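Secondary and tertiary structure notes
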Amino acid sequence: MNIKTWLRQLSFRTGVFVLLLCIPFYILSFAQMALPISAGAKGVLWFILFGLAKAFQYGGITILGVEGVKRVKAYFKKKKDTVEDQP
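Below: a short report on this structure. All of these numbers come straight from a predicted model, not from anything done at the bench.

1. Quick notes on the overall build of the protein chain
Of regular secondary structure, the protein chain possesses 4 helices and 0 strands. The secondary structure elements of the protein chain, listed N-terminal to C-terminal, are α-α-α-α. For the protein chain, whose C-alpha radius of gyration is 17 Å, the value lies well above the compact-globule estimate of 12 Å for 87 residues. Considered along the principal axes of its C-alpha atoms, the protein chain spans approximately 50 × 50 × 15 Å. Going through the 87 residues of the protein chain one by one, you find that 18% of them count as buried. Counting contacts in the protein chain only where the partners sit at least 6 residues apart, residues at least 24 apart contribute 68% of the total. In the protein chain, 12 side chains carry a positive charge and 4 a negative one; their mean positions are 14 Å apart.

This is the structure:
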């Protein structure tokens, strides 16, 4: 069994959690630029943290699949419409 098939067997909830994990890694990948360390170390840290962010992003999307991504988009669209309807 390959990785893509195994990831698709995981639950929707797991997919959302994995997808949300990419947010802190994106933040860390750019926030570490403010650290007082050498440029080489910053480059290595950025490469690792940004790579982890992308891995969580694509892993979460693979777990969710097409229908799961539609569910997440519908949730945010519904939430946006409810906020706009309030006075």
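2. A few points about the environment of I23
On the secondary structure map, I23 appears in helix 3 (residues 22-31). The class for I23 is partly exposed, based on a relative accessible area of 44%.

3. Some remarks on the side chain of Q32
Looking at the secondary structure, you find Q32 in the loop between helix 3 and helix 4 (39-85). Setting aside its immediate chain neighbours within four residues, Q32 contacts K42, L45, W46 and L49.

4. Structural notes on a nonpolar patch on the surface
Nonpolar side chains collect at one region of the surface, where V44, F47, I48 and L52 lie side by side and expose about 390 Å² of accessible area between them. Mapped onto the elements of the fold, V44 is located in helix 4.

5. Some words on the packing of aromatic side chains
Inspection of every chain in the model, using the stated rule, returns 6 aromatic pairs. Between F30 and W46, the ring centres sit 6.4 Å apart and the planes meet at 65°, which makes this aromatic pair edge-to-face. Placement of F30 in helix 3 and of W46 in helix 4 is noted, with a sequence separation of 16 residues between them. Centroid distance F30 to F50: 6.2 Å. Interplanar angle 80°. Geometry classified as edge-to-face. In this pair, F30 is assigned in helix 3 and F50 in helix 4, connecting sequence segments 20 residues apart. Site record: aromatic cluster; members linked through ring pairs are Y26, F30, W46 and F50. Its end group placed over the ring of F12, R71 keeps NZ or CZ at 3.8 Å from the ring centre.

Thresholds applied
- Residues numbered from 1 in each chain as written.
- Predicted model: local features only at pLDDT ≥ 70, side-chain atom pairs only at ≥ 80, totals over all residues.
- Heavy atoms only, no water.
- Helix = DSSP H or I, 4+ residues; strand = E, 2+ residues; numbered from the N terminus.
- Rg over C-alpha atoms; globule rule 2.2 N^0.38 Å.
- Buried < 20%, exposed > 50% of the residue type's maximum accessible area, 1.4 Å probe, protein only.
- Contact = heavy atoms within 4.5 Å.
- Lys, Arg positive; Asp, Glu negative; His and termini not counted.
- Charge placed at Lys NZ, Arg CZ, Asp CG, Glu CD.
- Patch = residues over 30% accessible without salt bridge, like charges linked within 9 Å, V, L, I, M, F, W, Y side chains within 5 Å.
- Areas by Shrake-Rupley, 256 points an atom, 1.4 Å probe, with all protein chains shown as cover.
- Salt bridge = Lys/Arg side-chain N within 4 Å of Asp/Glu carboxyl O.
- Phe/Tyr/Trp six-rings, centres within 6.5 Å; stacked < 30°, edge-to-face > 60°.
- Lys NZ or Arg CZ within 6 Å of the ring centre and 35° of its normal.

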